[in-house]
Amino acid sequence: MKSTIAATLIASAAAFAPASKVASKTALNAFESEIGAQPPLGFFDPLGMLADADQERFDRLRYVELKHGRIAQLAFLGQIVTRAGLHLPGS
């Protein structure tokens, strides 16, 4: 029993130990100067969708992401308004 408690305490203390910092480099240095690329990550592309992309594809994906975000915001607002009891006329 005491060894189980000691092992648990050691494992939980290891969770708070400082992690070593590893410098990461992205393969997409072409988009490092774009809006939204911030330190410490820089340009973040976890799925590799822009691995061999040009500026036109980058602009298109950014446009589509903004459009989808705006649609999601309107959908959320519609949900809140409907739950507040305001219904549009019609069937």
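To start, this report covers the structure provided alongside it. (Residues numbered from 1 in each chain as written. Predicted model: local features only at pLDDT ≥ 70, side-chain atom pairs only at ≥ 80, totals over all residues. Heavy atoms only, no water.)

**Comments concerning the overall build of the protein**
- Scanning the protein from terminus to terminus reveals 2 helices and 0 strands.
- Within the span of the protein, comprising 91 residues, buried residues form 8% of the whole.
- Across the protein, every contact between residues at least 6 apart in sequence was considered, and the portion connecting residues at least 24 apart equals 17%.
- Entry remark: accessible area of the protein is about 8400 Å², with carbon and sulfur atoms responsible for 64%. (Helix = DSSP H or I, 4+ residues; strand = E, 2+ residues; numbered from the N terminus. Buried < 20%, exposed > 50% of the residue type's maximum accessible area, 1.4 Å probe, protein only. Contact = heavy atoms within 4.5 Å. Areas by Shrake-Rupley, 256 points an atom, 1.4 Å probe, with all protein chains shown as cover.)

**Quick notes on the packing of aromatic side chains**
- Using the criterion set out here, one finds 3 aromatic pairs in the structure.
- When the centroid spacing of 5.5 Å and the interplanar angle of 45 degrees are considered together, the rings of Phe-31 and Phe-43 count as tilted. Highlighted residues: Phe-31 in the loop between α1 (2–14) and α2 (55–83) and Phe-43 in the loop between α1 and α2, separated in sequence by 12 residues.
- Consider the rings of Phe-31 and Phe-58, whose centres lie 4.4 Å apart with planes at 10 degrees: the pair is stacked. With a gap of 27 residues between them, Phe-31 in the loop between α1 and α2 and Phe-58 in helix α2 connect regions that are remote in the sequence. Of the two residues examined, Phe-31 and Phe-58, each falls in the buried class. (Phe/Tyr/Trp six-rings, centres within 6.5 Å; stacked < 30°, edge-to-face > 60°.)

**Some remarks on unusual backbone geometry**
- The step from Pro-39 to Pro-40 runs through a cis peptide bond, and the omega angle for that step is 5 degrees.
- Summarising the element assignment, Pro-40 is placed in the loop between α1 and α2.

**Some remarks on the pattern of salt bridges**
- Tallied over the entire structure, the rule returns 1 salt bridge.
- Arg-62 is the salt-bridge partner of Glu-34, the closest N and O atoms lying 3.7 Å from each other. A residue pair is termed long-range when its members are at least 10 positions apart, and Glu-34 in the loop between α1 and α2 and Arg-62 in helix α2 qualify at 28 residues.
- For Glu-34, a relative accessible area of 21% puts it in the partly exposed group.
- According to the relative accessible area criterion, Arg-62 is partly exposed, its value standing at 30%. (Salt bridge = Lys/Arg side-chain N within 4 Å of Asp/Glu carboxyl O.)

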